[in-house]
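What the coordinates show
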Amino acid sequence: MSEYRIQGNTGEWEVVIGLEVHAQVTSESKLFSGSSTGFGAEPNSHVSLVDAAMPGMLPVPNRECLRQAVRTGMAINAQINRWSRFDRKNYFYADLPQGYQISQLYHPIVGEGEIEVTLNEKDPDSAVKKIGIERIHVEQDAGKLMHDQHPTMSFVDLNRSGVALMEIVSRPDMRSPQEAGAYVKKLRSILRYVGSCDGNMEQGSMRADVNVSVRKPGGELGTRTETKNVNSIRFMMQAIEYEAQRQVDLIESGGAVVQETRLFDPNKMETRSMRSKEDAHDYRYFPDPDLLPVELDDAFLEECRASLPELPDAKRVRYEAMGLTAYNAAVLTAEAETAFWFEELLAEGVDAKQGSNWLMSELFGALNKLGKTLDESPVNPKQAAELLGLVADGTISGSIAKQVFEIMLETGQGAATIVEEKGLKQTNDTGAIEAEIAKIMAANEDKVTEYRSGKDKLFGFFVGQTMKAMQGKANPQIINDLLKKALG
Amino acid sequence: MTDFSRLGVAAIRDGVANGEFKAVEVAEALNARVAAAKALNAFIVETPEKAIEAAQAVDTDRAAGKPLGKMAGVPIGMKDLFCTEGVQTTAASHILEGFVPTYESTVSANLWKAGAGMLGKLNLDQFAMGSSNETSYFGNVISPWRRNDGGNAPLAPGGSSGGSSSAIAARLCPAATGTDTGGSIRQPAAFVGISGIKPTYGRCSRWGVVAFASSLDQAGPMARDVRDCAIMLEAMAGFDPKDSTSLDLPVPAWEAGLNSDLKGKRIGIPKEYRLDGIDEDIAKMWDNGIAWLKDAGAEIVDISLPHTKYALPAYYIIAPAEASSNLARYDGVRFGLRDLPEGAGLQDMYAATRAAGFGEEVRRRIMIGTYVLSAGFYDAYYTQAQKVRTLIARDFENAWASCDLILAPTAPSAAFGLGEKTSDPLSMYLNDVFAVPASLAGLPAMSVPGGLDKQGLPLGLQIIGKALDEQAVLNAGLAIEQRSGFTAEAGEWW
């Protein structure tokens, strides 16, 4: 990867970045209660006695959340800890009913792993870097305070209280905002492939705490700051850029970086201090005595492994082997959404090359114009397969297919119906084509002469005229053949 | 006419089942006794209507020929640490005063399902923290017992299940629930001359029981004899998927399994429990106990539990550590007391609410617990205490190689007077010295009456068993009960 350096007055500086990504686990119910995890419900409508920490209530682990964490761990080739344990992180806040968060400090469920990151996912020649993952642990989310509902009071919504999060802690292996961005993109892609987190940063299902320090290239690690709860990749990259520059300026002007927690303000594009190390909570972590250690047996691990889908790297290699260009294979596998769409297309019997070319030029182009994502595509893989099938069997030409596709996008009609209703079927009637060719040659005698005297380029003109006369419905191969014969 | 206050659990159950009397008659009689015993301050809330309602249901079922539950027709007292739906649950604290749960604890629900009825919510040490019932926000419970010195000094009923012990000894109820974290069933039972068993950790669900120290808290029955304890424990125990630490095992038929023939059983006598300066009466009672068990056919063996002396300090680190975290939820935000001084922010509200809502002993333990878990002290205290806990458990494991049960005193003294130890928390804590090791190891342990001391006050003998072997503990208790001839009762002075 390219070397990212900050030019200071005293020379170049290297940035060291580590990320703690909080990813909401995809599950029906919360980590320790049966309440729903549904997003956007009425405040406090998804709150059980356990979530509200009523006296005498006890947590019961949701196996599915642990399963998702284990599957995620397997997807990043991490050590899966057969024995792990929940700890309590104690602090008082109004959004934390128990007065502690159940988390895993001492014995996380997933240990060391790594993911391969390319700086530019869509560029197959981009260098690959391995980013180490220190651990993944499972913990409870807190509730939400609302300060804008009442002039003197703050309201508490406990719907999120107790929802399962995976905290995915990277090694300080990243050296530029771009690397950090690529890492989060790749991580999000893996989570979506696995189905353990929807990766929706806007809805808060994924957010990152960003640890940044600077040093002279290759020197001792500097003091780091932690910027909390950054909720988009763009903000994260901006926060790193700002924070690294701030640290360099600070050091070069004779100051020192203070270990502290900071917040990123996306409006001002800056980070600012939230609390220093001195004010840091003493969380008094200790093993949660309400819970037994989590012990995973072979059958459970086997089921987790067997349920993993093909992951992006493996899929890319397979697509290349199927004859796709490296570029196409990379683009199609970068996002789970795209890969799954393409897989469905293949399952409908579409040729891989034809399908990938169409998807990347026609479909992406159309969605781009419509401002829609693939999930919102008006045309689904089955409908697309119908269209591509008509091209493959010669019923319509590629250019007619474009017209048909546009009508499909507008009306939602099926490709075969459109071709039928609009009479767009390609003709192989050589007699009709020959008749049109004769007319065109008669009307353009000068051009025929020019062609015959060696101006080969005019062949395209005759093809175009013939196709036009046939209203696009003639088989282009037959036009070619007949024209060659007629023009001599 | 039958004096229902003299009947135990088995007698009431059988009498109701056989049609000798109606469950409602029993409930009415005991409701009246509860109402007339306010001087003992054993109840925080009386629920005569609940007792009648349950009794009527049992009478109706019997009349209809339906099968009756294990506790059918038996009115009991419910320690106010168990959440009861629609009935105030306070843990004897100001911070929970007025708190009415919308849910029923698993243990109390099991008892109601078995046909028991609730006479009321019993007083206790605040959040079960105490050994004398003097830390209750609702005032001291007074033991029905008095010394034989002619003075009428009010005595402690023990703690934390002091309301339970006092009410049973005063025959306000045949039985009551207790909870035992470091002796809170056994010590009060010993202080008033009744029986009580703390089962193996995990036998009784903790769901709906206000938590003190989660890894130690365990519910159990208190009653006037061993059989009644066996019956009630059967009704209380059982796997509960809502409590992750609950044991997924069937509940043995402990009552049917009662057998006081101890042939083939080896009883261990731990030398470390014979403390220097042990009370003479206690030592004598212990010797009597040994003789009774020998008489029942058991073999007596000397054993060593070498880490015993570290049990109490370890307990007073682990229990407060867990408590400091468990009690964080009482913050004035969602339920219970809220003290919001004029212009106060969130932190001020926490401070004011918790200062006003928790009593001195609770605050002390929260402070201790917070301290031992804090950065820089965690390893020296909490980690070390956990290691000691492991060693204590190993002591017992090693002992089981040479014995099946352990016999020891329940407490180092008879009941003390109210106010005698309140100024010295350490001497109060020392009262748990014999009870705490079994709690740390999660083992079943029972106290049965062993005799009276020179002051005419009851003393208790403690039987500790292997994990899950409540049956052997109950059987040894029964053997002692049959030989001790303990019939002493407190005079009815209230």
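Procedures and definitions
- Residues numbered from 1 in each chain as written.
- Chains lettered and ligands numbered in written order.
- Predicted model: local features only at pLDDT ≥ 70, side-chain atom pairs only at ≥ 80, totals over all residues.
- Helix = DSSP H or I, 4+ residues; strand = E, 2+ residues; numbered from the N terminus.
- Rg over C-alpha atoms; globule rule 2.2 N^0.38 Å.
- Buried ≥ 20, exposed ≤ 12 C-beta atoms within 10 Å, placed from the backbone.
- Contact = placed C-beta atoms within 7 Å.
- Pairing = 2+ DSSP bridges.
- Nonpolar A, V, L, I, M, F, W, Y, C, P; charged D, E, K, R; others polar.
- pLDDT = per-residue confidence, 0-100.
- Domains from an automatic or database assignment.
- Expected span 1.5 Å × (residues − 1).
- Axes fitted to C-alpha atoms, helices over the stretch in contact; angles between N-to-C directions.
- Parallel < 35°, antiparallel > 145°, perpendicular 65-115°, else oblique.
- Left-handed = near helix turned anticlockwise from the far one by under 90°.

In this section: the overall build of chain B. Of regular secondary structure, chain B possesses 15 helices and 11 strands. In terms of C-alpha radius of gyration, chain B reaches 21 Å, essentially the compact-globule figure of 23 Å for 494 residues. Overall, the C-alpha framework of chain B stretches about 65 × 55 × 50 Å when taken along its three principal axes. For chain B, the residues scored as buried account for 60% of the 494 residues in total. Summarising the internal contacts of chain B: among those between residues at least 6 apart in sequence, 77% fall at separations of at least 24.

On to the sheet that holds strand E4 (residues 87-90) of chain A. Two orientations exist for strands paired in a sheet by backbone hydrogen bonds: parallel and antiparallel. All names here are of chain A. Spatially, three strands are ordered E5-E4-E15 in an open sheet, and the strand pairing comes out antiparallel. In this open sheet, the two strands that pair with only one neighbour each are strand E5 (100-103) and strand E15 (286-287). Of the pairings in the sheet, the one linking E4 to E5 comprises four bridges and is antiparallel in character. Bridge pairing in E5 links Asn90 to Tyr100.

Time to look at the environment of Leu340(B). Mapping Leu340(B) onto the fold places it in the loop between helix H9 (311-326) and helix H10 (346-357). On the basis of neighbour count, Leu340(B) is assigned to the partly exposed category, with 13 C-beta atoms found within 10 Å.

Residue and element names in this part refer to chain B. Position of Leu262 among the secondary structure elements: in the loop between helix H7 (226-236) and strand E7 (266-270). Separated by 31 residues in sequence, Leu262 and Leu293 have C-alpha atoms that sit 7.4 Å apart. Each residue touching Leu262, except ones within four places of it in the same chain, is listed here: Leu293, Ala296, Gly297, Ala298, Asn475, Ala476 and Ala479.

Let us look at the interface of chain B and chain A. The interface is formed by 34 residues belonging to chain B together with 24 residues belonging to chain A. Among the elements of the structure, H9, H10 and helix H11 (360-373) of chain B are those that each provide at least two residues to the side of chain B that touches chain A. It is H9(B) that provides the largest number of residues to the side of chain B that touches chain A, a total of three residues. Residues belonging to the side of chain B that touches chain A are distributed by class as follows: 17 nonpolar, 10 polar and seven charged.

Residue and element names in this part refer to chain B. Looking along the chain, the bond that leaves Gly159 and enters Ser160 is cis, with omega of 10°. Topologically, Ser160 is positioned in the loop between strand E3 (117-122) and helix H5 (162-169). The residue Ala91 is not glycine, and still its phi comes out positive at about 55°. A tally of 33 C-beta atoms within 10 Å means that Ala91 is categorised as buried.

Across chain B, the average pLDDT comes to 97, with 100% of residues at 70 or higher. For this predicted complex, the interface score ipTM comes out at 0.96, while the overall pTM is 0.91.

Moving on: the domain arrangement of chain A. Per the domain assignment, the segments making up chain A are domain 1 (6-300), domain 2 (310-421) and domain 3 (430-487). Taking the mean C-alpha position of each, domain 1 of chain A and domain 3 of chain A sit 66 Å from one another.

Turning to helix H1 (residues 63-75) of chain A, a few remarks are in order. Residues and elements named next belong to chain A. The end-to-end C-alpha separation of H1 is 18 Å, in line with the 18 Å expected for 13 residues at 1.5 Å each. For H1, every residue scored as buried is listed here: Cys65, Leu66, Gln68, Ala69, Val70, Arg71, Thr72, Gly73 and Ala75. Elements that come into contact with the buried residues of H1 comprise strand E6 (113-118), strand E7 (128-140), strand E10 (164-170), helix H2 (177-194), strand E16 (294-295) and helix H4 (298-306). Looking at the residues trailing H1, positive phi occurs at Asn77, about 55°.

What follows covers the pairing of strand E14 (residues 270-276) of chain A. Residues and elements named next belong to chain A. Pairing between strand E13 (residues 260-265) and E14: six bridges, direction antiparallel. Bridging across to E14, Thr261 finds its partner in Arg275. Between the end of E13 and the start of E14, which pair antiparallel, lie four residues, with Met269 showing a positive phi angle near 55°.

So, about the pairing of strand E5 (residues 195-198) of chain B. Residue and element names in this part refer to chain B. On E5, burial covers both faces: Ser195 and Ile197 on one face and Gly196 and Lys198 on the other are all buried. Where E5 and strand E6 (residues 218-223) come together, two bridges link them in antiparallel fashion. Opposite Ser195, over in E6, you have Ala223 as the bridge partner. Relative to strand E10 (residues 445-452), E5 runs antiparallel, the two being bridged by three bridges. Counterpart to Ile197 in the pairing with E10 is Met446.

A separate point is the packing of H1(A) against H2(A). A pair of packed helices is captured by two measures, namely the crossing angle of their axes and the spacing between those axes. Residue and element names in this part refer to chain A. Here H1 crosses H2 at 125°, and the two axes come no closer than 10 Å. Classified by the angle between their axes, H1 and H2 sit oblique to one another. In this structure, H1 meets H2 at a crossing whose hand is right-handed. For the pair formed by H1 and H2, the contact residues are Arg71, Thr72 and Ala75 on the first element and Ile190, Leu191 and Val194 on the second. Looking at the contact of H1 with H2 residue by residue, the class counts come to four nonpolar, one polar and one charged.

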